[in-house]
2 protein chains.
Amino acid sequence: MARNARAQAMMTDRGIDALLLTTEPEVRYFTGYLTRFWESPARPWFLVVPASGDPVAVIPTIGAALMARSWITDIRTWRSPDYDDDGVGLLADTLRELGCAKVATPMGLETHLRMPLDDFDMLQGAIGSKIISDGGIIPALRMIKSEAEVATIQIACDVANRAFARVPEIAGVGVPLSTVFRKFQMLCLDEGADFVPYLAGGAGIGGYDDVISPASNAPLQDGDILMLDTGLVVDGYFCDFDRNFTVGSVTDTSQAAHAKLIDAVDAAMAIAKPGATAAQLFHAMDDIVTGGAGGSDTGRLGHGLGMQLTEWPSLIPADQTVLAEGMVLTLEPGIDVGAGKMLVHEENIVVTDTGARFLSAPYTRDMVVL
Amino acid sequence: MARNARAQAMMTDRGIDALLLTTEPEVRYFTGYLTRFWESPARPWFLVVPASGDPVAVIPTIGAALMARSWITDIRTWRSPDYDDDGVGLLADTLRELGCAKVATPMGLETHLRMPLDDFDMLQGAIGSKIISDGGIIPALRMIKSEAEVATIQIACDVANRAFARVPEIAGVGVPLSTVFRKFQMLCLDEGADFVPYLAGGAGIGGYDDVISPASNAPLQDGDILMLDTGLVVDGYFCDFDRNFTVGSVTDTSQAAHAKLIDAVDAAMAIAKPGATAAQLFHAMDDIVTGGAGGSDTGRLGHGLGMQLTEWPSLIPADQTVLAEGMVLTLEPGIDVGAGKMLVHEENIVVTDTGARFLSAPYTRDMVVL
C-alpha cells in the first residue's frame, strides 16, 4: 500500500490518471501476486493503479482466487481465452468508470507490454485516447528495495552461496558440462531455491569464449576454468552471481586474471554509497580490467537485481543514476584473457545509508580448485 | 530454411515485405538460437525475415558469437544497452536497405512485442510507416511441428514420465508441499531435464482449490490428493502434463472422479485426427466432465504445446482450428468435486496422419497411492 501511495504521488506530479500494468513483476510489485502461471503466454493480466484509491485487478477468472488472497479487493474477471474480447472491453469499462482519461504504461528501456498489440490498439480505441509512457515511474519505484525485499534477496544469495560451496561434489575432470549444469540446479533446489530460472556458464582452458550458450556435452578437462552463473529465485526474488573454478591444474596467469576481477569488485565497493553514480561504479571497475578502455562487447559491468534477473540501472558510462539506500546491484567485471577468451566475475551488493554491503559471500582472490 | 520458405510464401500472399520478430520462440523458430539469456529483459533482440532471401539478425553484440553458430550469416550488432539508440537505428537501416516498406509483426492472441513501446514508436517513425499485424502467419507455422520437433517433445515427455514414476520417493504423509515441489524439480533434472521453467500443483482432501498458487509449507496429510503439473524443457521444447496421487487412504468417490478424467481424455483421443476441430475435442471432454455444460472457469480443456508451455490452439468452443498432422496438444480436462474443489488431469498428444498418439505415457484410471 505504501508502494501505491508512492506511485500515486509521482502520477499526480506527471498528470497521469492511471497506470496500466501488464507484466509479472509490475503486477506483483503492487499486489504481491506470485505464481509461475505467467510462464503461459495464453492470457493477458491487467492491473490498473488509479491516481487515487486502490488498484483494480482485471484478470482471467482462473487467477481470481489467488488474487483474492492479496490486499486487492476490486477484482474483475473474464473467462479467458475469449476470442471475441479477451478482457479489453472489461478493462476499458474499468478505466472509464474510474474516470481515467490519461492512462500510462511503462514504455522505456527494459520494459515491454505483455498483451497482444491488436488488443492494445483496440483498448486505445475503446477509451478514446492514446496510452502514454509512464515517464519512468515504475523503474524509479522498483530500483529502491524495501528492507523486506533486501532480506529476501539475501536469502536467495545465501542459497546460491551454499550451492556454490558444493560444486566440488558435482564437477571435475571428465564430467560433461551439461551434467554440471543439471546437477548444479539440483544443488540450488536442495539448498532452498524455489526454482532456478537462470543458469549460464562456460568452461575452457584458461577461460571461456561465451557466457550465454547452452551447456555442451563436452567433458571438463584438466586446466579448464569452469564458470557457473545462477539466477535462482526464493519467494519471487532473484540472486544473480557467478563463481569461477579451476579444474585440476591452474596457471599463475589465470589466478592473476581472476584476482584482478576481485580487485575490480573491491574498487567499486569502495565508492558504492548514496550519491555515487552507476557510471562511477563502471569506471572504477573498467579502470582495473581494461585500464580504462571503456568496457567490452558485453556492454555493461553490472546491473540492478530484484524481482527480475536484471533490472535498472546498468553499470555503463552513460548511466547517471545516482545510487540510493536500498538499491540492489550486481558488480560484474569481465576480463579479456587473450585468444578470444574471457573471465567474468559477479557479486551482489546492497547500497546502505553509509556505503554498501555484500549480499553474496565475496569470493576469494584465488579460484577454488576442483 | 524450410520454415523461412513457408513464411515467405505466406508473406507473399499477404503482401508483406518483412516480418519483424522480437520474442524468444519467434527468433528461435527461424534461427535455432537457443539461450537462457532471454531471462534478462535488459536487451532487445530483432530478427527480420524478408519476403525473399535469408533472415537478418539485428542483435546485441553479446549474442553475436552464438548466433554465428546458426545458419544465419547476416548478423548486425550494436553494444547494448545503448541509451541513445538501443538498436532502433540499426534495425531501421536494415529494413530500409532490404527495401521493406510493409513490415509486420505478430499482434494476435498469445503474442506480445518484446521491445520497449517507446522504441517501437521510434522505429515506425524511422521507417516512415506503421508496422502491421502478421495476420497469424507465425501461429499458423508454429502450430505444425516437424518430426524433429515432435521427437524432442517426446524426449521431454519421457523425462517427465520417469520423474512422475519416482514421486513415491519424495512425497507422502508429513512432507510439506513446498518440499515436494523442490524435490520433484530435482527428479526432473536428474532424469534429464535441461531446466524446469514450470511447476504447479495442489493438495487437499478429495481435491484442491487452486492450481496456480505457489506451494505452501503445509505437510501432506492422509486423504490428500496431490497433483503435480510440470512444464520441463529439453533442447528448448516443453512437455506439459500432470499426475494426481492419493496420499494414504483414498475414497471410491475420488477414484471415480479421476477415472472420469481419464475417460474424457480417451473420448478426445478417439476423435483426434486431421479434420477434427479444437472445439470438437473440447466438447468430447466437456460432455463427460460437466455433462456438456460448456466448460469451467479455467476457460479451456487443453492447448498447443512446443517451444512454449502453452501455444495455439485453445481447446474451447470458439476455437475452430482444424487439426492437422504434426500438431502437438495437451488434453486437460478438469472436474468439479464439490466444496469448491477440483481435480485436473493432463496428457500430451501428437496428431498423426490417421489419428493421434500419446507423447506422455497415459495414466491409469486409478490414481497411484503414495
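What you are looking at is a predicted structure, and each value in this text was computed from that prediction instead of being measured.

A.B. asks: Looking at this model, I keep getting lost on helix α11 (residues 278–289) of chain B. Mind explaining?
C.D. replies: One full turn of an α-helix is made of 3.6 residues, so residues set three or four places apart face in the same direction. Residues and elements named next belong to chain B. Taking 1.5 Å of rise per residue, the 12 residues of α11 would be expected to cover 16 Å, and the 17 Å separating its terminal C-alpha atoms lies within 8% of that figure. Turning to α11, its buried residues are Ala278, Leu281, Phe282, Ala284, Met285, Asp286, Ile288 and Val289. As for α11, its buried residues are in contact with α10 (252–271), β11 (302–304), β12 (311–314), β13 (328–331) and β14 (334–338).

A.B. asks: Help me understand the nonpolar core in this model?
C.D. replies: Taken as a class, soluble globular proteins show a tendency for nonpolar side chains to be buried jointly. Judged by nonpolar contacts, the single largest core of 246 residues is most densely connected at Ala156 and Met285 of chain A together with Ala156 and Met285 of chain B. Here methionine 285 of chain B is in contact with Ala264, Ala267, Ala268, Leu301, Leu331 and Pro333 of chain B, once residues within four sequence places are set aside.

A.B. asks: Just checking my understanding: could you explain the interface of chain A and chain B for this structure?
C.D. replies: Note: interface size is frequently given as the accessible area lost on complex formation between the parts. Listed per partner, the contact involves 60 residues of chain A and 60 residues of chain B. Listed by contribution, the elements that provide at least two residues to the side of chain A that touches chain B are α3 (64–68), α5 (117–127), α9 (177–190) and β7 (195–205) of chain A. By residue number, the principal contributor to the side of chain A that touches chain B is β7 of chain A, which donates six residues. Tallied by class, residues from the side of chain A that touches chain B come to 29 nonpolar, 18 polar and 13 charged.

A.B. asks: In this structure, what is going on with the relation of the copies chain A and chain B? I would like to understand it.
C.D. replies: Both copies of the chain are related through a single rotation about an axis accompanied by a shift along the same axis. With an RMSD of 0.0 Å, the operation that places chain A on chain B is a rotation of 180° combined with a shift of 0.0 Å along the axis. Read as a symmetry element, the transformation amounts to a two-fold axis. Of every C-alpha in chain A, the one belonging to methionine 186 of chain A sits nearest the axis of rotation, 2.6 Å from it. By residue overlap, the copies meet face to face through one surface: 100% of the interface positions of chain A are interface positions in chain B.

A.B. asks: Which parts of the structure should I look at to understand the domain arrangement of chain A?
C.D. replies: All names here are of chain A. Assigned domains of chain A: these are domain 1 (2–142) and domain 2 (144–369). Spacing between the C-alpha centres of domain 1 and domain 2 amounts to 34 Å. The partner domain 2 presents six residues to the seven residues of domain 1 that form the contact. The set of elements that each furnish at least two residues to the side of domain 1 that touches domain 2 consists of α2 (24–31) and α6 (137–143).

A.B. asks: In this structure, what is going on with the packing of helix α7 (residues 147–165) of chain A against α9 of chain A? I would like to understand it.
C.D. replies: Residues and elements named next belong to chain A. Closest axis-to-axis distance for the α7/α9 pair is 8 Å, and the angle between their directions is 130°. It follows that α7 is oblique to α9 by the angle criterion. The hand of the α7/α9 crossing is right-handed. Where α7 approaches α9, its residues Val159, Ala160 and Ala163 are matched on the opposing element by Phe184, Leu187 and Cys188.

A.B. asks: Hey, could you run me through unusual backbone geometry in this one?
C.D. replies: Between tryptophan 312 of chain A and proline 313 of chain A the backbone carries a cis peptide bond, its omega angle lying at -5°. With an omega of 0°, the peptide bond running from serine 80 of chain B to proline 81 of chain B counts as cis. Structurally, proline 81 of chain B is set in the loop between β4 (74–78) and α4 (88–97). In the Ramachandran plot, glutamate 110 of chain B falls in the positive-phi region, its phi being about 70° despite a non-glycine side chain. Its 23 C-beta neighbours within 10 Å are what place glutamate 110 of chain B among the buried residues. A positive phi angle, near 55°, is found at alanine 339 of chain B, a position not held by glycine. Note on placement: alanine 339 of chain B falls in the loop between β14 and β15 (341–344). The exposure class of alanine 339 of chain B is exposed, given the 11 C-beta atoms found within 10 Å.

Conventions we followed
- Residues numbered from 1 in each chain as written.
- Chains lettered and ligands numbered in written order.
- Predicted model: local features only at pLDDT ≥ 70, side-chain atom pairs only at ≥ 80, totals over all residues.
- Helix = DSSP H or I, 4+ residues; strand = E, 2+ residues; numbered from the N terminus.
- Expected span 1.5 Å × (residues − 1).
- Buried ≥ 20, exposed ≤ 12 C-beta atoms within 10 Å, placed from the backbone.
- Contact = placed C-beta atoms within 7 Å.
- Core = buried A, V, L, I, M, F, W, Y, C linked by C-beta atoms within 7 Å.
- Nonpolar A, V, L, I, M, F, W, Y, C, P; charged D, E, K, R; others polar.
- Least-squares fit on C-alpha atoms with pLDDT ≥ 70 in both.
- Domains from an automatic or database assignment.
- Axes fitted to C-alpha atoms, helices over the stretch in contact; angles between N-to-C directions.
- Parallel < 35°, antiparallel > 145°, perpendicular 65-115°, else oblique.
- Left-handed = near helix turned anticlockwise from the far one by under 90°.

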